[in-house]
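Understanding the architecture of this molecule
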Amino acid sequence: MHIKQTDHTTILSYWGKADEKYVGTQTWHPLAYHSLDVAACGQALLRQQPTWLENLSRLAGMDVCVLEPWFIFLLAVHDLGKFSNGFQTLPKNPFGYIAKVAYDVRHDTLGYALAMEFLPQWLKAPELAERGGGLLRLWVAAVTGHHGRPPINQNLAALVERQFPAETARHDAAKFVFTMRRLLLPADWAFPARTEGQLDRYKQSSWLVSGLAVLADWLGSNTFWFKYRDPDKTLEQYWHDIALPMAQVAVKESGLAGALPASEATFGSLFPHIESPTPLQVWANEVPISPKPQLFVLEELTGGGKTEAALTLAARLMATGCGRGVYFALPTMATADAMFDRIEKKPKGADQETWKRFFVSADPSLVLAHSAAKVRQKLDALQRRDAGYDKQNEDASASQLSSAWLADSRKKALLADFGIGTIDQALLSVMPLRHQSLRLLGLSTKVLVVDEVHACDCYMGELLSRLLCFHAALGGSAILLSATLPSDQRARLLAAFAEGAGYKIIPPEKYDYPLATHFHASGLDEKPISARKEASRKVSVQPLADLDTVFQRLHTSIERGDCAVWVRNTIVDAVSAWATWNTDHPDNPATLFHARFALCDRLEIGKRIHEDFGPVSTPDSRRSKLVIATQVIEQSLDVDFDDMVSDLAPIDLIVQRAGRLQRHKRNAEGSPSETEERGGAALGVLMPEPINDAKNAWFKRLLPKAAKVYPDHGKLWLTTRWLDEHKSFDLTVQARDMIETVYGAYGYEQTPAALQEVTAKAEGACKADQGIARSNVLSFNQGYDPTSNEWPEEDNYTDITTRLGEKTVRLRLAKLIDGKLAPWASTGTHLDWALSELTVARYLVGKESARHAGLLELVRQNMIDEGRHCLIVPLEDCGSDWRGWAMNAQDEEVRVIYSPVAGLSIEKGKAIDESDL
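Not measured: the values here are computed from a predicted model.

Moving on, we get to the overall build of the chain. A count of helices and strands for the chain gives 31 helices and 25 strands. In terms of C-alpha radius of gyration, the chain reaches 29 Å, essentially the compact-globule figure of 29 Å for 917 residues. Taken along the three principal axes of its C-alpha coordinates, the chain extends 85 × 65 × 55 Å. Counting the 917 residues in the chain, one finds 62% classified as buried. For the chain, the share of sequence-separated contacts (at least 6 apart) that also reach a separation of at least 24 residues comes to 74%. Accessible surface, the chain: about 35,200 Å² in total, of which carbon and sulfur atoms supply 50%. Treating the 100 positive side-chain charges of the chain as one cloud and the 115 negative ones as another, the clouds have centres 2 Å apart.

Turning next to the sheet that holds strand S13 (residues 591–593). Each strand in a sheet pairs with its neighbour through backbone hydrogen bonds, running either in the same direction (parallel) or in the opposite one (antiparallel). A sheet is described by the order of its strands in space; here 7 strands give the open sequence S13-S14-S12-S15-S16-S11-S17, paired in mixed fashion. Every interior strand has two partners, whereas the edge strands, S13 and strand S17 (728–729), have only one. Where S13 lies against strand S14 (residues 626–629), 3 bridges are found, and the strand directions are parallel. Within S14, the position partnered with phenylalanine 593 by the bridge is alanine 629. The strands touched by helix H22 (residues 571–584) within the sheet are strand S12 (564–567), S13 and S14, with S14 carrying the most contacts at an inclination of about 155°.

We now examine the sheet that holds strand S5 (residues 366–368). What the 8 strands build is an open sheet, ordered S5-S6-S4-S7-S8-S3-S9-S10; its pairing is mixed. Edge positions in the open sheet fall to S5 and strand S10 (523–528), since each of these has one partner strand only. Neighbour-to-neighbour, the strand axes of this sheet turn through a mean angle of 10°, independent of strand direction. Sheet analysis places strand S3 (residues 295–299) next to strand S9 (residues 515–520), joined by 5 bridges and oriented antiparallel. Across the sheet, valine 297 pairs through a bridge with threonine 517, a residue of S9. Sitting on the sheet, helix H14 (residues 333–344) touches strand S4 (325–330), S5 and strand S6 (418–422), and the angle it makes with S6 is about 155°.

Scanning the entire structure with this criterion turns up 30 aromatic pairs. Note on tryptophan 15 and phenylalanine 87: the rings are 4.6 Å apart at their centroids and 25° apart in plane angle, and the pair reads as stacked. Taken together, the positions of tryptophan 15 in strand S1 (residues 15–18) and phenylalanine 87 in helix H4 (residues 85–88) put the pair 72 residues apart, joining distant regions of the chain. Here tryptophan 15 falls in the buried class, since its relative accessible area comes to 1%. Centroid distance phenylalanine 613 to phenylalanine 641: 4.7 Å. Interplanar angle 35°. Geometry classified as tilted. A residue pair is termed long-range when its members are at least 10 positions apart, and phenylalanine 613 in helix H23 (residues 599–613) and phenylalanine 641 in the loop between S14 and strand S15 (643–647) qualify at 28 residues. Accessibility assignment for this pair places phenylalanine 613 and phenylalanine 641 in one class, buried. Members of the aromatic cluster, joined through ring pairs, are Trp70, Phe73, Trp139, Trp189, Phe191 and Tyr202. In this arrangement the basic side chain of lysine 227 is found over the ring face of phenylalanine 224, its NZ or CZ atom lying 6.0 Å from the centre. Stacked on the ring of tryptophan 885, the Lys or Arg arginine 851 has its end atom at 4.1 Å from the ring centre.

Let us now look at the environment of leucine 270. Tracing the chain through its elements places leucine 270 in helix H11 (residues 267–270). Looking at leucine 270, the relative accessible area reads 1%, which means it is buried. Leucine 270 sits 85 residues away from tryptophan 355 along the chain, and the two C-alpha atoms are 8.1 Å apart. Among residues more than four places away in sequence, those in contact with leucine 270 are Leu311, Thr312, Ala315, Thr354, Arg357 and Phe358.

Turning our eyes to something else, we now look at unusual backbone geometry. Tyrosine 513 connects to proline 514 through a cis peptide bond whose omega is -5°. Position of proline 514 among the secondary structure elements: in the loop between helix H20 (487–501) and S9. The phi dihedral of serine 624 is positive, around 55°, even though this residue is not glycine. As for its position among the elements, serine 624 is in the loop between helix H24 (619–622) and S14. The class of serine 624 is buried, set by a relative accessible area of 18%. Phi is positive for lysine 727, which is not a glycine, with a value near 65°. Of note, lysine 727 is situated in the loop between helix H27 (713–726) and S17.

Here we take up empty space enclosed by the protein. Taking a probe equal in size to a water molecule and rolling it over the atoms shows the remaining empty space. Scanning the model with the defined rule gives 5 cavities of 30 Å³ or more in all. Considering only enclosed or pocket space, the largest cavity measures out at about 190 Å³ in volume. In terms of lining residues, the largest cavity is bounded by 15 residues, among which Ala334, Asp337, Gly606, Lys607 and Leu637 are the most central. Listed by contribution, the elements that provide at least two residues to the lining of the largest cavity are H14 and H23. No other element matches the 7 residues that H23 contributes to the lining of the largest cavity. In terms of residue class, the lining of the largest cavity is built from 9 nonpolar, 2 polar and 4 charged.

A separate point is the pattern of salt bridges. Two side chains bearing opposite charge may form a pair once their charged atoms approach each other closely. Summed over all chains, the structure comprises 38 salt bridges. Of the charged contacts, one joins aspartate 232 and arginine 229 as a salt bridge, the two residues approaching to 3.2 Å between their closest N and O atoms. For arginine 229, a relative accessible area of 22% gives the class partly exposed. For aspartate 620, the salt bridge is made with arginine 623, and the minimal N-O distance between the two is 3.0 Å. For aspartate 620, a relative accessible area of 61% translates into the label exposed. A relative accessible area of 43% means that arginine 623 is categorised as partly exposed.

The terminal C-alpha atoms of helix H13 (residues 306–319) lie 20 Å apart, and with 14 residues this matches the ideal 20 Å at 1.5 Å per residue to within 8%. The element H13 is largely enclosed, with a buried count of 13 among its 14 residues. Where H13 ends, the next residue or the one after it, glycine 321, has phi of about 90°, a positive value.

Under the definition given, this model contains 1 disulfide. Covalently, cysteine 458 is tied to cysteine 766 through a disulfide, its sulfur atoms 2.0 Å apart. Looking along the S-S bond of the cysteine 458-cysteine 766 disulfide, the torsion reads about -105°, which is the left-handed sense. In this pair, cysteine 458 is assigned in helix H19 (residues 458–473) and cysteine 766 in helix H29 (residues 753–775), connecting sequence segments 308 residues apart.

As a further point, take the pairing of S3. Of all 5 residues in S3, 5 are buried; the element is thus mostly enclosed. Alternating residues of S3 divide into Leu295, Val297 and Glu299 and Phe296 and Leu298, and every residue in both groups is buried. Pairing of S3 with strand S8 (residues 478–482), which is carried by 5 bridges, proceeds in the parallel orientation. Across the sheet, residue leucine 295 finds its bridge partner in S8, namely alanine 478.

Before going further, it helps to spend a moment on the pairing of S8. Counting buried positions over the 5 residues of S8 gives 5, a clear majority of the element. The alternating pattern of S8 places Ala478, Leu480 and Ser482 and Ile479 and Leu481 on opposite faces, both of which are buried. As judged from the 3 bridges shared by strand S7 (residues 446–450) and S8, these two strands associate in the parallel manner. Considered in S8, the bridge of leucine 448 is made with alanine 478. Once the chain exits S7 it traverses H19 before rejoining the sheet at S8, and the crossover so formed is right-handed.

Reading guide: rules and limits
Residues numbered from 1 in each chain as written. Predicted model: local features only at pLDDT ≥ 70, side-chain atom pairs only at ≥ 80, totals over all residues. Heavy atoms only, no water. Helix = DSSP H or I, 4+ residues; strand = E, 2+ residues; numbered from the N terminus. Rg over C-alpha atoms; globule rule 2.2 N^0.38 Å. Buried < 20%, exposed > 50% of the residue type's maximum accessible area, 1.4 Å probe, protein only. Contact = heavy atoms within 4.5 Å. Areas by Shrake-Rupley, 256 points an atom, 1.4 Å probe, with all protein chains shown as cover. Lys, Arg positive; Asp, Glu negative; His and termini not counted. Charge placed at Lys NZ, Arg CZ, Asp CG, Glu CD. Pairing = 2+ DSSP bridges. Axes fitted to C-alpha atoms, helices over the stretch in contact; angles between N-to-C directions. Phe/Tyr/Trp six-rings, centres within 6.5 Å; stacked < 30°, edge-to-face > 60°. Lys NZ or Arg CZ within 6 Å of the ring centre and 35° of its normal. 1 Å grid on protein atoms, 1.4 Å probe; cavity = no way out; pocket = protein on both sides within 12 Å on 5 of 7 lines; lining within 4 Å. Points joined across faces, edges and corners; volume = space filled by probe spheres on them. Nonpolar A, V, L, I, M, F, W, Y, C, P; charged D, E, K, R; others polar. Salt bridge = Lys/Arg side-chain N within 4 Å of Asp/Glu carboxyl O. Expected span 1.5 Å × (residues − 1). Disulfide = S-S within 2.5 Å. Right-handed = clockwise from strand over helix to strand, strands pointing away.

Structural data, given as C-alpha cells:
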C-alpha cells in the first residue's frame, strides 16, 4: 500500500476518522491526532475525577506517578489497528485507495495483535513478552477493546504479517509508538518489576482501564469538540495546543468533571423540613461510618422513612470518602420516575433540592435513566459524526456512539453525580455485554442504593449478588432497602459483598423487624429498630372468590365517593377488567396503568395518578376514581387509595401493595389530616380458598394467566392460608412472621401434596435460573481478558438479559402521516424517538413488517442511534386507536393496536398473551 505523502511525517498521512458529509473543509482526521485527542481526554478524566486514578493505583498496585503516564500512553496507542492495510483501504477511505488486503478482522483486534507482537520490543521492555505477554495482555486488551468488549485473541503473528507490512504500516506504527513514548512517558519511566500476585492485580484493575478507555474514546471522537483538521501541526504541537486544552472543555461540558461531595452530612442538614425523624432515620444519622467498603441492609415498613435513611447514609459515606456520588436503583421505570420527582423536588421551606446538599460544587449533575423527557441535556443532539467504516466488520463509529450516549440517559445516569434508574442499568455492568465496563466505571465511585430488593427473582437475585461482589472489590459501598426481605436472601447478599471486599463471611443471626444491618471490615452489626407508633395499623383482609365479587366491591366503594385501585397480575387481565368496568360505567371510566405504554404516555399517566392520589391530593382529585393497574403501581410510588383489591400474589407483594392502601392520614372527606378518619384499611384479595387437599390447578382455575407469572403455587397457598387464618395483619408486629411462614424452611412441609410438586418444580426452575445467571455474569478475578470464555459470540448477545423470564424487544412507535413516519411522541425535541419506546415480549412481536420497509430504512437515518437494537412499528390513525403491522416470533403477521389510554395490544397469531410486560 502506498500512503499519500504530506508536508509532514508519514505518520500524519494515516486517516483515523473520515466522513464525506462532514461539515467543514476537511473530510478526514489524522489517526495520530485522534489518538492524542483520546489520550488527552483520558488525562483530563483522571485529573478531574482523581478517585478513578486512586482506585486504579490501589487495584493495580502501581504508584500513581508510574501508572498515570503509562495509562495515557496506552490510550494514545489504542487505535494501532487502524495502521493496518485493511483499515486504511476501506471503501470509505478519504484517498480512494484500492484494497489489496481484505479487512476481515476489526481494528480493535488488529491493534491488540500488533501491540502484543511488537510493543515489548518497541518499548525496549522484553520482560513484557515473558510468559506469553501475560503482564501486558490485560493492559493492551483493555485499551484496544475500547468498542465495548475485549478484542479476539486470534493467531496474532499471522494477522500482523498479513495486515501490517514491515516496510510500510508496521514501520510507521513503530515510529508512532516511539513518538508517543518520547512525548508521554518520562525519560526514566520503567514498567514495574514482576512481583507476586502482579498478574491478578492487573486483571482486577483492567475493568476500570477498559471503562476509561471507552469513555476517553467517545469524548475524543466527538466532532463537537475535536474538529477534523489538516495535518498542519507536529504531534507535540497538536498535543499541547489542541488536544489537552480541548479535552478539558470536553470533560467539563459533557458533565463528567465530577462534583465535590459535602464534607459534612447529617439528617438535619439534608432534610431540614422533617422535624421528627423516624427511629430508622435517627439510627442512620448516628451509626458509625467505617473508612472501607461497607454494606447496609435496611428492613422497614413502607412509610418508615427508608429512603431518607438511605440518603443520609449515602451522604455520610460520601463525606467520609466512601464515594463521590449516588446511584439509586429501583425495580421499574415507573418507580425510578417517581423517585426522580421526589429527589428533584425542593422541599417546602428549603433553599435547594435535597440531592444538591450532597455536594459543595456549584453544578452537580442529576440524571434519570429511561425517563428521557425529564433529562436536561447540557448539549443538543450531536449529529456531526463520522460514518461507520464497514458495516460487516465494524460497529457504529465512536463518534456515533458518543452522540447517542450524550442523548441516552441510561448510560449517563451511571456516570452522573447523582443517578436514578432501574436496577437493570446497574446489573448490566457485570454482564458480558458491550460497554459493561463503562457502566462499571461509573458505579465504582458511587454509593449504590438498591430499593425493593425483595422484588428480585431467583435470576436477578444472583445477578445482584455478583454486582455487590464487583462493587465491593472496586472499593464501593452499598445500601439495600426492603420492606419484606427473607432472611436467607439477606444472608446471600451479605456473603456476596464479603467475597468482593475480602471480608470474613459472617452469617446474620437476628430475626427482629424492623432491622438495620451494617456489614463492614470489622464485623457485622444487626440493630433492631423500633417501629413508629404511627405505622402501627391494622389492615383487615377480605377474601374475594370471583370477578363479580370484585366488581361489586369496587362499585360500592366508588358509589360511596372513595377512590380505589385494583392491582392485577398481568396486562391482559388488567386491560380486560378495565374494558369491563368502562362498559358498565361509561360515565365514570377507570384509568389503566401498565408497562405496555409508550414512554411518553406512561410518564403522563404516572404523573396524573400521582397528582390525583399522591400525598397532597385533594378530595376533589380523589373522589370516586378507580385505577386498574399491574405491578407497576406497587413499588416506591407514593400514592394513597381509600380502597384496594389485589389479585393473589406472594405474601411479600401483598404487603407491598397494601402499602398503597390508606398510606397517608386523611379525614373522612379525604383531605390530609393529623389523624386517620376513614374507618380503617380493608384489603380485598381475589384468591381461591386455601383448602387442605388443593390440587395442582388450584390457582390456575381462578387466575389462569397469572399462573405463569407466579409459578410457585405452593407459596401462594401458604399466603392464602396465613391471610385466611389471621383475617388481618399489623406489619409492625407480624411482618417477619408473614414472610418466614411463606419463605421459611418449614413452609414446604405444610403445603398440600399436589402443590408440593408444583413448588418442587418451581424451586428446581429457581436453581436453574440461578445457574443461568452465573453463566451470564463476568468473573471479577478473570479481568477484561480476550482469552476469557465468558464473552459470547456476537450473535449470542441477545440471549443475555437482566431479566430472565420472557425475552423482550424494544419497539419504537411511529405515526404514518401523509406517507412519512414521525415518532409517536411529539415534544419537538431530539428525545421524541426515545419517548416513543416500549418493551414487549419477543414472542408477540419479533420482526418488523415488510409493508413499509423503504420508510423504515429512511427514518432510521434520522435517528441518533440509527434505530439499532429496536423494531419500528408504523401506525395509522383509525379513529379510536392507531393500528399497524408487525411479525411475531412464528413469522406470522400480527395487527398492532395502540391507544394512549389503553396501551398496546396484539391481534392475530397463535401466541397467547400471558405476559406481565
